[in-house]
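Single-letter residue listing:
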Amino acid sequence: MGRPKTYRWLVVLWMFGSLIGCSGATGPSNPTIPGDDGGTIPSAPPAPPVEIPSFLQFPVSVDIDVDKVGSSGSGALASLVSVGDDVSEAIEHGARDAGIAGAVSQTILDRIKTVEVPVDPRVRTFQGLITDEGDILEIKIDFSRFDLNGDGADETCTGCTCPVGCGLFECPPEAALTDLQPICYRVWVRDRANPGPFERFLAGMIDRLPVRDDTATPENEDNAGNGRFRFLVSLPNPLLKPQPGRFSVSTNEVIYSHIDPTDPFRQSTEFSEFREIVQSGFPVPFTQENQHIKVEAEGLAGAASPEQVLKTIRSTTFLRPDGGGESEIQYLARFRDDADHWSGSVASTAPTFDFNFDSACASIASGLVTDRENCLTGGVDVGEAGLRFLGFADRDGVAFPDQGEFPNDPTF
């Protein structure tokens, strides 16, 4: 089979539940616990039940909107900054990194977003057809337990598509949060028109099932849920010093949490990539790139709309190109969608990104540094929040499951 279009398109991007439920429990509607004074204190009421979807689906997208900082000022570079300096390039850097992570993840999710598998304790595997840019692909999915993170132990998944267990006649329409277990999956695909061997495509686990929008209601209920997945990308003839038999091999992990019963606006998406050049099966010395990007959103106090959120972008990049030299960029920034001020810190040794500053405050609209007090009073100051740079991605931390856990040939 020819290389899937997903991988061909990735060359262009070269750089990068609360299924809370109840049971039929009986007892007092407002139970109490003993107080220090010998009296009683009312305990918190039980969380309301939440519906378990009838079908298991994969997220349509795990992006978090950061368009607010996608375009700022004139784009001039500056190193140490003071009031009036232009840091628009630094403001936009976070949006670009988030965009790279989102685009790479999206190429994977676009291929499987139409898959629907019944949520049923008897469903342990699935096979069917999907379309990919006009091509028809065969797909096989195994929901049994396996070791995703390489720690030597299988993940504590149910082994079927029901998040409360497989020893039931049918999956309940709702369940308590404490009863939920992850759902593991390993996905293989191949071209139906030119059937060759299946290819290992995706491995992951779902902690909270995605929710699709109900078109019969005015609200948009679409939510990616919570989970993580890993994928492997191998591209021939890297852009730097292309040679026969030379490949760029990257392992990638996406961790997403888009459902939080304590805050309807809280979301996080984390992307890690470790990439190196491989020649005849062996890494080429001193060629490596890794990226670690995390985007978070949380509702402000009393938030009633998606605009009333605080957003944080952190990214760390290490680059050792084929040809010598290496550079690092560590970046963190915070802003509000309903305000103009941005706060950020940057530590960079990259000659193309000449910024090094701590807790700078700037106007998003103009890109110009302003008095730090504006960010402190606006609640976005990264220094006051004690935010730290992300660590660097490493090979073991994002490793794709080996063939003992995820064989080349489907398990069924």
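A.B. asks: Before we move on, could you go through the overall build of the chain and cite the residues and values that matter?
C.D. replies: Within the chain, the secondary structure is distributed over 3 helices and 18 strands. Out of the 412 residues belonging to the chain, those deemed buried represent 49%. Only carbon and sulfur atoms are counted for the fraction: they give 52% of the accessible area of the chain, which is about 19300 Å².

A.B. asks: Tell me about the environment of Val62, and name the residues and values.
C.D. replies: Tracing the backbone shows Val62 in the loop between strand S4 (55-56) and helix H2 (88-112). Distance from Val62 to Ala101, taken between C-alpha atoms, is 9.8 Å for residues 39 residues apart in sequence. Those residues in contact with Val62 that lie beyond four places of it in its chain are Ser105, Leu109, Ala224, Val254, Tyr256, His258 and Thr269.

A.B. asks: An account of the pattern of salt bridges is needed here, citing residue identities and associated values.
C.D. replies: Tallied over the full model, the rule gives 18 salt bridges. Note that Glu253 and Arg230 form a salt bridge whose closest N and O atoms lie 2.9 Å from each other. With Glu253 in strand S12 (residues 246-257) and Arg230 in strand S11 (residues 226-236), this residue pair connects regions lying 23 residues apart in the sequence. Neither Glu253 nor Arg230 differs from the other in exposure class; each is buried. The residue Arg275 makes a salt bridge to Glu289 at a minimum N-O spacing of 2.1 Å. Highlighted residues: Arg275 in strand S13 (residues 267-279) and Glu289 in strand S14 (residues 282-299), separated in sequence by 14 residues. Here Arg275 matches Glu289 in class, with each residue buried. Residues joined in a network through salt bridges with shared partners are Glu270, Lys294, Glu296 and Arg314.

A.B. asks: Any details on the state of the cysteines? Residues and values, ideally.
C.D. replies: Under the counting rule described, the total for this entry stands at 4 disulfides. In this model Cys157 forms its disulfide with Cys184; the gap between the sulfur atoms is 1.9 Å. Because the sign of the S-S torsion sets the handedness, a value of about 60° for the bond joining Cys157 and Cys184 places this disulfide among the right-handed ones. With a gap of 27 residues between them, Cys157 in the loop between strand S7 (135-142) and strand S8 (174-175) and Cys184 in strand S9 (residues 183-191) connect regions that are remote in the sequence. The exposure classification of Cys157 matches that of Cys184, with both residues buried. Across the disulfide from Cys361 sits Cys375; the S-S distance is 2.0 Å. On the sign convention where negative means left-handed, the S-S torsion of about 90° between Cys361 and Cys375 marks this disulfide as right-handed. Taken together, the residues span a long stretch of sequence, with Cys361 in strand S18 (residues 356-363) and Cys375 in helix H3 (residues 373-378) at a distance of 14 residues. Owing to a relative accessible area of 0%, Cys375 belongs among the buried residues under this scheme.

A.B. asks: Would you mind going over the packing of aromatic side chains in detail, with residue names and values included?
C.D. replies: In this structure the tally under the stated criterion is 9 aromatic pairs. Pairwise contacts between aromatic rings join Trp342, Phe353, Phe355 and Phe357 into one cluster. Directly above the ring of Phe169 sits Arg122, whose terminal nitrogen or CZ lies 5.3 Å from the centroid.

A.B. asks: Let's hear about the confidence of the model for the chain: which residues, and what values?
C.D. replies: Per-residue confidence for the chain averages 83 on the pLDDT scale, and 80% of its residues sit at or above 70. A low-confidence stretch, residues 74-79 (pLDDT under 50), is modelled with 20 contacts involving residues beyond four sequence positions or located in other chains.

A.B. asks: I'd love a proper account of H2, names of residues and values included.
C.D. replies: Between its terminal C-alpha atoms H2 stretches 37 Å, which fits the 36 Å expected from 25 residues at 1.5 Å a residue. Roughly 30° is the biggest bend found in H2, and it falls at Gln106. Summarising burial for H2: 22 of the 25 residues are buried, a large majority.

A.B. asks: With reference to specific residues and values, describe unusual backbone geometry.
C.D. replies: Residues other than glycine seldom take positive phi values, yet Glu133 does so here, at roughly 55°. Within the element layout of this structure, Glu133 appears in the loop between strand S6 (125-132) and S7. Given the relative accessible area of 54%, Glu133 is considered exposed. Not every positive phi belongs to a glycine, and Ser359 is a case in point at roughly 55°. Mapped onto the elements, Ser359 comes out in strand S18. Here Ser359 falls in the buried class, since its relative accessible area comes to 7%.

A.B. asks: Can you break down the pairing of S7 residue by residue, with the values?
C.D. replies: Judged from the 8 bridges that link them, S6 and S7 form a sheet pairing that is antiparallel. The residue of S7 that forms the bridge with Thr131 is Ile136. Where S6 hands over to S7, the hairpin turn is made up of 2 residues, of which Glu133 adopts a positive phi near 55°. When S7 meets S9, the two strands line up antiparallel, connected through 6 bridges. The residue bridging Glu138 from the neighbouring strand is Arg190, located in S9.

A.B. asks: Residue-level account of the pairing of strand S16 (residues 327-336), with values.
C.D. replies: Counted residue by residue, S16 has 8 buried out of 10 residues, so it is predominantly covered. Alignment of strand S15 (residues 309-320) against S16, held across 10 bridges, turns out to be antiparallel. Paired with Thr316 across the two strands is Gln330, which belongs to S16. One ladder, built from 7 bridges, connects S16 with strand S17 (residues 341-348); its direction is antiparallel. Counted as the bridge partner of Ala333 is Gly344 from S17. Hairpin connection, S16 to S17: the antiparallel pair is bridged by 4 residues.

Definitions and cut-offs
Residues numbered from 1 in each chain as written. Predicted model: local features only at pLDDT ≥ 70, side-chain atom pairs only at ≥ 80, totals over all residues. Heavy atoms only, no water. Helix = DSSP H or I, 4+ residues; strand = E, 2+ residues; numbered from the N terminus. Buried < 20%, exposed > 50% of the residue type's maximum accessible area, 1.4 Å probe, protein only. Areas by Shrake-Rupley, 256 points an atom, 1.4 Å probe, with all protein chains shown as cover. Contact = heavy atoms within 4.5 Å. Salt bridge = Lys/Arg side-chain N within 4 Å of Asp/Glu carboxyl O. Disulfide = S-S within 2.5 Å. Phe/Tyr/Trp six-rings, centres within 6.5 Å; stacked < 30°, edge-to-face > 60°. Lys NZ or Arg CZ within 6 Å of the ring centre and 35° of its normal. pLDDT = per-residue confidence, 0-100. Expected span 1.5 Å × (residues − 1). Bend = angle between axes of the 7 residues up to and from the residue. Pairing = 2+ DSSP bridges.

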